[in-house]
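The primary structure of each chain is shown beneath.
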Number of protein chains: 2
Amino acid sequence: MVRILVALGGNALQRAGGGGTWEETVRQMRSTAPGLAAIVADGHELVLTHGNGPQIGALLRQNEVSQREVPPRPMDVLGAETEGQIGYVIQQELTSALLKAKVPRIVLPIVTRIVVSRRDPAFRKPVKPVGRYFREVEARVLRKQHGWQMEFDGARGGWRRVVPSPKPVEWLEREIVRRMLDAGWGSRCIPIVAGGGGIPVLDRGRGVYEGVEAVIDKDLTAALVGADLGADTLAIVTDVPAVAVGFHKPWERWLADVGPKELRQYRQQGEFGAGSMAPKIDACLQFLAEGGRRVLITDIPSLGRALRSEAGTRVVRA
Amino acid sequence: MVRILVALGGNALQRAGGGGTWEETVRQMRSTAPGLAAIVADGHELVLTHGNGPQIGALLRQNEVSQREVPPRPMDVLGAETEGQIGYVIQQELTSALLKAKVPRIVLPIVTRIVVSRRDPAFRKPVKPVGRYFREVEARVLRKQHGWQMEFDGARGGWRRVVPSPKPVEWLEREIVRRMLDAGWGSRCIPIVAGGGGIPVLDRGRGVYEGVEAVIDKDLTAALVGADLGADTLAIVTDVPAVAVGFHKPWERWLADVGPKELRQYRQQGEFGAGSMAPKIDACLQFLAEGGRRVLITDIPSLGRALRSEAGTRVVRA
């Protein structure tokens, strides 16, 4: 039984563009779940994590629109809310798909905190855009009112709040989840951990962890969690079937089997988009450096075949 | 080591009246946490559950105010969000209080679903008011637009949405949590389960559970969960130090040690308020009937002494 951590991209739950209804989220997850159940039916041990981009965006928007009626909640709390919300929809749909595949499991979403470092350079230079676009005059007010850092997005002609995206350092609920898997409970349950990259907290010493307004890249967290749990394989599920070099160019080439060294070279040559594929490649290299054996980057329809080395991009430790 | 399920009332997290800021919630939980840590330091095994009244009220209000901008989410999903949100604040403050009390534990909030029955009479007669007050003309629109059941509250002179409050039947994540405790992990971790009474779902067969717009009484769920986990003691933490008969009348009398039979008599005599103490008494009787040994009803300042039979109302199985 091979231990596999699957990191579901936000699009496994909600199509890009946001504004989706909850019914759409349920439908989307319903179409994703059988692919995950098939992995379990193939005899693998599954642990899940997931993104939360569109979902936390919706909560931020609600905060903003209703701020005169309901006191807004900080981003760490909204992150916890998305862990509950998304954990629940995965739990609902996956439980049912697993039973249908004759491999019943208890799906267990766990609220998870990830320690980040105050000395992380990300806190000096927030770059991760969150929430909606604003006009310049609004941006000025928000900057003054909340101390938000605002950045102009030329392509869309609007201003957006940017927050720090620090690196995940440590995972506070690790011990119990690791213990569950090591006791063989992976044949009974599927933990969902560190959703949305985990709730970012700063270690203030003496057991005091302070929530912080930031977002952690969910793939980097997946690499950390996967290594901590002794996973054999990290499967990064996104909206493309594999990684390409020369993406959308005449010399475009899809990568099947590729070594970490070659991948690092492509990365240094600037092959991968900063907001999209590059963090996945970094997560991939980090997981392999910390003892993982294999990373798959693929989409849900190709996941099963990727596990059998018949699809997706497969990166195996040298 | 005695296994104790503590059910925290909403006021352990937010003072009545709602509209509280998140900072207030944190402060409130920070003052609650040392009392819980003291129980652990006294050598007891702790499991937690909690209410979510004011918190789900705030989310419903946000749904309503921002519905033109963000598609509203149904109540089961909001319930899952409060499990994440409240689980997180308890986790943060309790982890720190436990370390200060020199009994470090991993606090583990778990997203929990509770099965309710479609045949529950509560679905024919929704009685639980949720969200804010409306004027009559608004109530008429909401009834038409969303099919909500609205009820007039004479005391406040406004209309409120009422939703069903069905009885909890079964707890879907039970097996793993029970297994954790039976393996002795109660000395390493403190699970938080079935927050807000649990996410209400209907069993549609073949592993399909359908979320439903309802709220489950958190004390009745606590009785179910406590019995399922083989807890010795159920401690219902509320905002009064003990249960009274003749409450606020000249012959008012606080109950210290009381048997289930006597308590049931008071209950039948209408001693306890329908929306406040009566469900706690029902939960108490149910827990004892299902094998629990002792129920404590008290407030946070008295909890430690109640456990030593020096405060609170103590109900012990006959």
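The structure under discussion appears in the preceding block.
Just so it is clear, the structure is predicted and the values come from calculations on it, not from any experiment.

Caption draft 1: Spotlight on the sheet that holds strand β11 (residues 209-211) of chain B. Residue and element names in this part refer to chain B. Within the open sheet, the four strands sit side by side as β8-β4-β10-β11. Their pairing is mixed. Edge positions in the sheet fall to β8 (170-171) and β11, since each has one partner strand and no second. Pairing analysis gives four bridges linking strand β4 (residues 113-116) to strand β10 (residues 199-203), with the strands arranged parallel. Of the residues in β10, the one forming a bridge with arginine 113 is isoleucine 199. With respect to the sheet, helix α3 (residues 75-100) is in contact with β10 and β11, its orientation differing from that of β10 by roughly 135°.

Caption draft 2: Local environment of the pairing of strand β1 (residues 3-8) of chain A. Residue and element names in this part refer to chain A. With six of its six residues buried, β1 lies for the most part within the structure. Residue alternation in β1 divides its side chains into two sets, Arg3, Leu5 and Ala7 and Ile4, Val6 and Leu8, and both sets are buried. Inspection of the sheet shows β1 paired to strand β12 (residues 233-237) by five bridges, in the parallel sense. Opposite leucine 5, over in β12, you have leucine 234 as the bridge partner.

Caption draft 3: Just helix α8 (residues 277-289) of chain A, in detail. All names here are of chain A. Taking 1.5 Å of rise per residue, the 13 residues of α8 would be expected to cover 18 Å, and the 18 Å separating its terminal C-alpha atoms lies within 8% of that figure. Within α8, burial applies to Met277, Ala278, Pro279, Lys280, Ile281, Ala283, Cys284, Leu285, Phe287 and Leu288. At its buried positions, α8 is contacted by α6 (218-228), β12, α7 (260-268), β16 (294-298) and β17 (313-316). Positive phi appears at glycine 291, one or two residues downstream of α8, with a value of about 110°.

Caption draft 4: Molecular detail of the nonpolar core. Core analysis: the biggest nonpolar cluster contains 102 residues, and Leu263, Phe272 and Val295 of chain A together with Leu263, Phe272 and Val295 of chain B have the highest contact counts within it. Setting aside its immediate chain neighbours within four residues, phenylalanine 272 of chain A contacts Val243, Ala244, Val245, Leu263, Tyr266, Arg267, Met277, Ala278 and Ile281 of chain A.

Caption draft 5: Spotlight on the sheet that holds strand β11 (residues 209-211) of chain A. Residues and elements named next belong to chain A. In spatial order, the strands read β8-β4-β10-β11; together these four strands make up an open sheet with mixed pairing. Sheet topology places β8 (170-171) and β11 at the edges, where each strand pairs with a single neighbour. Examined bridge by bridge, strand β4 (residues 113-116) and β8 share two bridges and lie antiparallel to one another. Each bridged residue has a counterpart across the sheet, and for valine 115 the counterpart in β8 is glutamate 170.

Caption draft 6: View of the relation of the copies chain B and chain A. Overlaying chain B on chain A yields an RMSD of 0.0 Å, the required transformation being a rotation through 180° with an accompanying axial translation of 0.0 Å. The transformation relating the two chain copies, once decomposed into turn and shift, fits a two-fold axis. In this assembly the copies share their binding face: 100% of the residues contributing to the interface of chain B also contribute to that of chain A.

Caption draft 7: Fine view of helix α8 (residues 277-289) of chain B. The buried fraction of α8 of chain B amounts to ten of the 13 residues, a majority that puts the element mostly inside the structure. Those residues of α8 of chain B hidden inside the fold are in contact with α6 (218-228), β12 (233-237), α7 (260-268), β16 (294-298) and β17 (313-316) of chain B.

Caption draft 8: Structural detail: the interface of chain B and chain A. Taken together, the contact pairs 54 residues of chain B with 54 residues of chain A. Here chain B and chain A share an interface that buries about 4800 Å² over both sides, 65% of which is from carbon and sulfur atoms. For the chain B face of the interface with chain A, the top three residues by lost area are Gln62, Tyr88 and Trp185 of chain B, together amounting to 14%. Counting every contact that joins chain B to chain A gives four salt bridges. Mapped by element, the contributors of at least two residues to the side of chain B that touches chain A are α2 (53-65), α3, β3 (106-109), α5 (174-182), β10 and β11 of chain B. Ranked by residues supplied to the side of chain B that touches chain A, first place goes to α3 of chain B with 13 residues.

Caption draft 9: Seen up close, the pairing of β12 of chain B. Residues and elements named next belong to chain B. In terms of burial, β12 is a largely internal element, five of the five residues being buried. With burial as the criterion, each face of β12 is covered, one bearing Thr233, Ala235 and Val237 and the other bearing Leu234 and Ile236. In this structure, β12 lies alongside β16, joined through five bridges in parallel fashion. Across the sheet, threonine 233 pairs through a bridge with arginine 294, a residue of β16.

Caption draft 10: Just the packing of α2 of chain B against α3 of chain B, in detail. Residues and elements named next belong to chain B. For the pair α2 and α3, interaxial distance at closest approach is 9 Å and the crossing angle is 130°. Considering their axes alone, α2 and α3 lie oblique with respect to each other. Read as a crossing pair, α2 and α3 show a hand that is right-handed. Two secondary-structure elements touch here, α2 through Gln55, Ile56, Leu59, Leu60 and Asn63 and α3 through Met75, Leu78, Gly79, Glu81, Thr82, Gln85 and Ile86. Considered class by class, the residues forming the contact of α2 with α3 number six nonpolar, five polar and one charged.

What counts and how
- Residues numbered from 1 in each chain as written.
- Chains lettered and ligands numbered in written order.
- Predicted model: local features only at pLDDT ≥ 70, side-chain atom pairs only at ≥ 80, totals over all residues.
- Heavy atoms only, no water.
- Pairing = 2+ DSSP bridges.
- Helix = DSSP H or I, 4+ residues; strand = E, 2+ residues; numbered from the N terminus.
- Contact = heavy atoms within 4.5 Å.
- Axes fitted to C-alpha atoms, helices over the stretch in contact; angles between N-to-C directions.
- Buried < 20%, exposed > 50% of the residue type's maximum accessible area, 1.4 Å probe, protein only.
- Expected span 1.5 Å × (residues − 1).
- Core = buried A, V, L, I, M, F, W, Y, C linked by side-chain atoms within 4.5 Å.
- Least-squares fit on C-alpha atoms with pLDDT ≥ 70 in both.
- Buried area = accessible area lost by both parts, 1.4 Å probe.
- Salt bridge = Lys/Arg side-chain N within 4 Å of Asp/Glu carboxyl O.
- Parallel < 35°, antiparallel > 145°, perpendicular 65-115°, else oblique.
- Left-handed = near helix turned anticlockwise from the far one by under 90°.
- Nonpolar A, V, L, I, M, F, W, Y, C, P; charged D, E, K, R; others polar.

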